[in-house]
Amino acid sequence: APLAALRDPVAAADAGWDVDPVGRRRLAGVEGDIEDNFFKEVLISGALLDRLADSDDARPQAGILQMVLPLLIGRQQPPDHPDYPRMGSYFEVQGGGGVFPKTPSPASNRDVAEFLVERAGFSEEAAEEVERRGVAEAMEKLTMLQGCQLWAHPPDLPEADLSQEQASLVGKGYVGPAVNLGGVALSPAQKQACRRGFDERQLRMLKAEIQFRRRDFHEVIDRAVAAHRSRRGGGGGFAG
């Protein structure tokens, strides 16, 4: 959400979307944008993957970059919601009520272009292409690479047990925006619950949803390590 601009901040706030999600200013794709470290990582990973795709050289970072696995996370539904305590769809909350700018975010793009020339061996021309890359294009490139939908699980998935340390997280975190999604209107109490952080059942279900996708995580790691070793001439896969 911090990477997506609100077209009408007042109307969005009235609907329950966060103007400054998780305390971060949103990007608008204009000169006044702050430098956003997450967006920088998105740009750098996309640029390095583009270079690998265009080169036959054996690059050690190939397998490491293929370990990038975006987790697509929706809202952990509040009490008395038909889907409580399960997670809703990421695509209902993507952008947090905003739209990813099609233009670059100048401060972040410039910093990444300088980094690629100074630290990654990019030519000035290749770095300039990345400097012109819009926020929307960079995000689309990341999610098209690979991703994992945490809400794509059986409706009868049992809740997981929490360790003592995990149980201490009850009441913390960010459940999701206090907005009406999927045709379900939230009551004032449910909207307040979204702003309070995870209750115990939501936290148990979140852990279960992550555990349910554990095989996907290992498949990505296995594929990435195998690619890394093959490029180095070692072959083999992940045995851990």
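Everything discussed here concerns the structure shown above.
In what follows, the accompanying structure is described.

Rules used throughout
Residues numbered from 1 in each chain as written. Predicted model: local features only at pLDDT ≥ 70, side-chain atom pairs only at ≥ 80, totals over all residues. Heavy atoms only, no water. Patch = residues over 30% accessible without salt bridge, like charges linked within 9 Å, V, L, I, M, F, W, Y side chains within 5 Å. Areas by Shrake-Rupley, 256 points an atom, 1.4 Å probe, with all protein chains shown as cover. Salt bridge = Lys/Arg side-chain N within 4 Å of Asp/Glu carboxyl O. Lys, Arg positive; Asp, Glu negative; His and termini not counted. Charge placed at Lys NZ, Arg CZ, Asp CG, Glu CD. Helix = DSSP H or I, 4+ residues; strand = E, 2+ residues; numbered from the N terminus. Buried < 20%, exposed > 50% of the residue type's maximum accessible area, 1.4 Å probe, protein only. Core = buried A, V, L, I, M, F, W, Y, C linked by side-chain atoms within 4.5 Å. Contact = heavy atoms within 4.5 Å. Phe/Tyr/Trp six-rings, centres within 6.5 Å; stacked < 30°, edge-to-face > 60°. 1 Å grid on protein atoms, 1.4 Å probe; cavity = no way out; pocket = protein on both sides within 12 Å on 5 of 7 lines; lining within 4 Å. Points joined across faces, edges and corners; volume = space filled by probe spheres on them. Nonpolar A, V, L, I, M, F, W, Y, C, P; charged D, E, K, R; others polar.

### Here's the deal with a negative patch on the surface
Thinking step 1. Together, Glu114, Glu118, Glu124, Glu125, Glu128 and Glu131 make up a region of like negative charge exposed at the surface.
Thinking step 2. The biggest single contributor to the negative patch is helix H6 (residues 124–131), with four residues.
Thinking step 3. Structurally, glutamate 124 can be placed in helix H6.
Thinking step 4. A relative accessible area of 53% means that glutamate 124 is categorised as exposed.

### What about the nonpolar core?
Thinking step 1. Leu3, Phe39 and Leu116 are the most contacted members of the largest nonpolar core, which totals 18 residues.
Thinking step 2. Counting residues per element, the ones that place at least two in this core are helix H2 (37–53), helix H5 (106–119) and helix H7 (135–145).
Thinking step 3. When residues of this core are assigned to their parent elements, the largest contribution, five residues, is made by H2.
Thinking step 4. Excluding its chain neighbours within four sequence positions, the residues that come into contact with phenylalanine 39 are Leu3, Leu27, Ser105, Ser108, Asn109, Val135 and Ala138.
Thinking step 5. In this structure, Leu72, Leu162, Val175 and Leu206 belong to the second largest nonpolar core, which totals 11 residues.

### Here we look at the side chain of glutamate 209
Thinking step 1. Within the element layout of this structure, glutamate 209 appears in helix H10 (residues 200–212).
Thinking step 2. Summary of buried charges: glutamate 209 has no salt-bridge partner, and the nearest side chain of opposite charge, arginine 86, is 6.6 Å away.
Thinking step 3. Among residues more than four places away in sequence, those in contact with glutamate 209 are Gln76, Arg86, Met87, Leu150, His153 and Leu157.

### Re the packing of aromatic side chains
Thinking step 1. Within the structure shown, the criterion is met by two aromatic pairs.
Thinking step 2. Judged by centre distance (5.1 Å) and plane angle (75°), the ring pair of tyrosine 90 and phenylalanine 91 falls under edge-to-face.
Thinking step 3. Note on tyrosine 90: relative accessible area 12%, which makes it buried.
Thinking step 4. Geometrically, the ring pair formed by phenylalanine 91 and tryptophan 151 is edge-to-face, given 6.0 Å between the ring centres and 85° between the ring planes. Residue phenylalanine 91 is found in helix H4 (residues 90–93), and its partner tryptophan 151 is found in the loop between strand E2 (148–149) and helix H8 (164–167); the two are separated by 60 residues along the sequence.
Thinking step 5. Classification of tryptophan 151 by relative accessible area gives buried; the value is 18%.
Thinking step 6. Through pairs of rings, three or more aromatic residues link up here, namely Tyr90, Phe91 and Trp151.

### A look at the layout of surface pockets
Thinking step 1. By volume, the largest pocket is sized at about 850 Å³.
Thinking step 2. Ala1, Pro2, Ile73, Tyr90 and Val93 are the residues nearest the centre of the largest pocket, which is lined by 35 residues in total.
Thinking step 3. Counting only elements with at least two residues in the lining of the largest pocket, the list comes to strand E1 (71–72), H4, H7 and H10.
Thinking step 4. Of all the elements, H7 adds the most residues to the lining of the largest pocket, at three residues.
Thinking step 5. Residues belonging to the lining of the largest pocket are distributed by class as follows: 24 nonpolar, eight polar and three charged.

### Considerations on the pattern of salt bridges
Note on pairing: side chains with opposite charge can pair once their charged atoms come close.
Thinking step 1. Within the structure shown, the criterion is met by 13 salt bridges.
Thinking step 2. A salt bridge links aspartate 111 to lysine 40; its shortest N-O distance comes to 2.9 Å. Highlighted residues: aspartate 111 in helix H5 and lysine 40 in helix H2, separated in sequence by 71 residues.
Thinking step 3. A relative accessible area of 10% places lysine 40 in the buried class.
Thinking step 4. Of the charged contacts in the structure, one is a salt bridge between arginine 133 and glutamate 137, with a shortest N-O distance of 3.8 Å.
Thinking step 5. Taking the relative accessible area as the measure of exposure, glutamate 137 reaches 38% and is therefore partly exposed.

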